[in-house]
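Here are the chains, one letter per residue:
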Amino acid sequence: MIDIAVKERWVYEPAENAKLFPWGPHSCPAEINLDGIVLMMEEREKGFLYSRKGAGEAIEKLVLSKKGKLYLSPVEPVNKPLALSSHLLIDFAAPILVEPNSTRSVFLSFPVEIAVSVGRRGSGENVIDIFTTSKMKHTLYGTVKDGVICKYWASELFSVLPRLNPLETGVLQLEIQNPNSGWVEVNKTVLSAYGMKIYYNGNMITLNAVMKIINDNDAETSFIDSPLQPGLVPAAERYSTRLLTQQGKMLMEDGY
Amino acid sequence: MIEWLNNIVYGSVTWLNLLIALIIFLASLMLAKILSVQLRRSLKERMSRENLDLLTKLVSYGLIIVAILWIMPTIGIEPSGLMVAGGIVALAVGFASQSIIGNLISGLFLMGERPVKIGDLIDISGQMGVVEDIHIISTTIRTLEGNFIRIPNETVFTSSITNYTSNPVRRFEYSVGISYADDAEKAIKIIKEIIDQHPLALVNPKPQVYVETLGDNSVDIMIRIWSPAKEWFAVKMELLRVFKDELEESGIEIPFPQRVVWFGGNQQQEVEG
């Protein structure tokens, strides 16, 4: 049995200091403890043994590479427990009433999923694991015949930028545009994973989205490719906008 | 030059007749090629490659045969002579291939109507399985036991089909009986909490948990849950075990069928006097 030489050991504490947050790169072998989720890269004869214990699972994978670094990055939160859908439905804790011909912004939360990659940061090819500590739930948006299965998240409403545990929840700034002549009541929003622009740093994970009210029943959501604060870096995109039909827009035709 | 074209080659056929026949034949070849390319482009995502090959060949060869029949009188061959012999042959072939033609036409209608897709879980005439392939003559399904079944398209087309995965979600249900001595409200609360914790038990359409019947041996709680159509069976299998374990752990009894026999106690009364 080979003794594990732990070169890098890190224990997450939800502290102010962003530099301590374990996004990496981590030299291997490594052991990272994130609020009880233990990620390890143990040296083996022909590479490394990656293991994770926590977040409801215990997994092991052999990485056949002599050198390499371990990176962590938030990804579009639609992969766990199964990648059943490319949509995220956020259900508001209370309805939002928006006055006619106005644009209002609110802050919401969204679930966080963290991808573990080896080698280089970037494309999805080298992602070896994805985990989440936030509640996993799915729902149907629309009718039984034509509806869309969505990852479900119930969110509180915040009027100012909230401080949330970045290992569990991110912050979504949603700009609601109501160009119509009547008041609208908004209870939920549905976002497409394609084109989801997640930015993050040590203290927060953010999304910036727009919801344009079309009429009494329909709305369209899309993303703004800019961070909520300076110093945030873009996350790796697993659902890139490869096709013309997948430009990150979602037409909500079954109510909002 | 034009006069030369009017020279007789054989019988009453001139060089001009031969030239016209050649032009029509070449034009039909070109048209067949264009049609097959267009068919491939428009149907490549709706049909398997094998079926598409067969269809394009049928169309292009059919067109060429029509062109040949058209140019036959031009080159001095009377097709009417062939008609009698051809008619008899066609009649014989028609009778022999009646079912094949029926299946072929049904296959074309199935490809147009698309009541089933490859990968769907279906039930056709009592045969349940996953659609493996839809050919032009037959449809193949893999039963849940792993057997291979080939069903003629005519049977598929004329049978009633239950498609379990055509909608994105489906519902399943359980009836769980608890003892009359136990608190039904508590049992319902536990069941709702379990459903809430399962990631694939959908939030909407809402699950239903309620006391359905007051049975002979138990209070029967009906549980109705919606789940993604492709995952419903795994969810159904998993949840029933969890319900049993959690209810028993909470002291709620899932009773056996039982009957209380009452002996009408103390019937022997003392007679005074």
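Anything mentioned here points back to the structure above.
## A few points about the side chain of Asn 126 of chain A
All names here are of chain A.
(1) Moving on: Summarising the element assignment, Asn 126 is placed in the loop between strand S10 (113-118) and strand S11 (127-131).
(2) Moving on: In this structure Asn 126 comes out as buried when scored by relative accessible area, which is 14%.
(3) Moving on: Of the polar contacts made by the side chain of Asn 126, one reaches the backbone oxygen of Val 118; its length is 2.7 Å.

## Here's the deal with the sheet that holds strand S10 (residues 219-228) of chain B
Residues and elements named next belong to chain B.
(1) Moving on: Pairing within the open sheet is antiparallel, and its 3 strands lie in the order S8-S10-S9. Single-partner strands in this sheet number two, and they are strand S8 (169-178) and strand S9 (208-214). Pairs of neighbouring strands in the sheet enclose a mean axial angle of 25°, with direction left out of account.
(2) Moving on: Across 6 bridges, the pairing between S9 and S10 is antiparallel. Bridge assignment links Leu 214 to a residue of S10, and that residue is Val 219.
(3) Moving on: Each of S8 and S10 touches helix H8 (residues 232-249); the most contacted strand, S8, lies at about 20° to it.

## Topic: the packing of aromatic side chains
All names here are of chain A.
(1) Moving on: Per the counting criterion, the structure on display carries 6 aromatic pairs over all chains.
(2) Moving on: Note on Tyr 194 and Tyr 239: the rings are 5.4 Å apart at their centroids and 85° apart in plane angle, and the pair reads as edge-to-face. Of this pair, Tyr 194 sits in the loop between strand S15 (184-192) and strand S16 (198-200) while Tyr 239 sits in the loop between strand S19 (233-234) and strand S20 (250-252); the two residues are 45 residues apart in sequence, bridging distant segments of the chain. You'll find Tyr 194 and Tyr 239 in the same group, each marked buried.

## Digging into the interface of chain B and chain A
In many reports, interface size means the accessible area that the parts give up when they come together.
(1) Moving on: Contacts between the two partners involve 17 residues from chain B and, on the opposite side, 14 residues from chain A.
(2) Moving on: Considering only the surface of chain B that becomes buried against chain A, Pro 168, Pro 199 and Val 203 of chain B emerge as the three largest contributors, covering 37% of it.
(3) Moving on: Where chain B packs against chain A, one counts 1 salt bridge.
(4) Moving on: Elements supplying a minimum of two residues to the side of chain B that touches chain A: helix H7 (184-197) and S10 of chain B.
(5) Moving on: Of the residues forming the side of chain B that touches chain A, the biggest block, 3 residues, is contributed by H7 of chain B.

## Concerning the pairing of S11 of chain A
All names here are of chain A.
(1) Moving on: Among the 5 residues of S11, 4 are classified as buried, and the element is accordingly described as predominantly covered.
(2) Moving on: By the bridge criterion, 4 bridges tie S10 to S11 in an arrangement that is antiparallel. Across the sheet, the residue bridging to Ala 115 is Ile 130, located in S11.

## A look at the nonpolar core
(1) Moving on: Residues Leu 39, Leu 72, Leu 172 and Leu 174 of chain A are the most contacted members of the largest nonpolar core, which totals 53 residues.
(2) Moving on: With 6 residues, strand S8 (residues 87-98) of chain A is the largest single contributor of residues to this core.
(3) Moving on: Residues within four places of Leu 172 of chain A in sequence aside, it is in contact with Ile 90, Val 106, Phe 107, Leu 108, Phe 110, Leu 191, Leu 207, Asn 208 and Ala 209 of chain A.
(4) Moving on: Counting residues in each nonpolar core, the second largest holds 24 residues, with Ile 190, Ile 223, Trp 232 and Leu 239 of chain B among its members.

## Focus on the pattern of salt bridges
(1) Moving on: Under the counting rule described, the total for this entry stands at 15 salt bridges over all chains.
(2) Moving on: Here Arg 171 of chain B ties to Glu 173 of chain B by a salt bridge, and the two come within 3.5 Å at their closest N and O atoms.
(3) Moving on: The class for Arg 171 of chain B is partly exposed, based on a relative accessible area of 34%.
(4) Moving on: According to the relative accessible area criterion, Glu 173 of chain B is partly exposed, its value standing at 35%.
(5) Moving on: By sharing partners, the salt bridges in this structure join Arg 52, Glu 57, Lys 80 and Asp 129 of chain A into a single network.

## A short note on the packing of H7 of chain B against H8 of chain B
A pair of packed helices can be characterised by two numbers: the angle between their axes and the separation between those axes.
Residue and element names in this part refer to chain B.
(1) Moving on: Viewed as axis vectors pointing N to C, H7 and H8 meet at an angle of 140°, and their least axial separation amounts to 10 Å. One way to sum up the angle between H7 and H8 is to call them oblique. Like other packed secondary-structure pairs, H7 and H8 cross with a definite hand, here right-handed. Residues Ala 187, Ile 190, Ile 191, Ile 194 and Ile 195 of H7 form the contact with H8, whose participating residues are Leu 239, Val 242, Phe 243, Glu 246 and Leu 247.
(2) Moving on: Taken together, the residues of the contact of H7 with H8 sort by class into 9 nonpolar, no polar and 1 charged.

## Thoughts on unusual backbone geometry
All names here are of chain A.
(1) Moving on: Note the cis peptide between Cys 28 and Pro 29, where omega equals 0°.
(2) Moving on: With respect to the element layout, Pro 29 can be found in the loop between strand S2 (26-27) and strand S3 (30-34).
(3) Moving on: Omega for the bond connecting Lys 80 with Pro 81 falls within 30 degrees of zero, at 0°, which places this linkage in the cis form.
(4) Moving on: Inspection of the secondary structure assignment puts Pro 81 in the loop between strand S7 (69-75) and S8.

About the cut-offs
Residues numbered from 1 in each chain as written. Chains lettered and ligands numbered in written order. Predicted model: local features only at pLDDT ≥ 70, side-chain atom pairs only at ≥ 80, totals over all residues. Heavy atoms only, no water. Helix = DSSP H or I, 4+ residues; strand = E, 2+ residues; numbered from the N terminus. Buried < 20%, exposed > 50% of the residue type's maximum accessible area, 1.4 Å probe, protein only. Polar contact = N/O pair within 3.5 Å; in protein donor to acceptor, adjacent residues only side chain to side chain. Pairing = 2+ DSSP bridges. Axes fitted to C-alpha atoms, helices over the stretch in contact; angles between N-to-C directions. Contact = heavy atoms within 4.5 Å. Phe/Tyr/Trp six-rings, centres within 6.5 Å; stacked < 30°, edge-to-face > 60°. Buried area = accessible area lost by both parts, 1.4 Å probe. Salt bridge = Lys/Arg side-chain N within 4 Å of Asp/Glu carboxyl O. Core = buried A, V, L, I, M, F, W, Y, C linked by side-chain atoms within 4.5 Å. Parallel < 35°, antiparallel > 145°, perpendicular 65-115°, else oblique. Left-handed = near helix turned anticlockwise from the far one by under 90°. Nonpolar A, V, L, I, M, F, W, Y, C, P; charged D, E, K, R; others polar.

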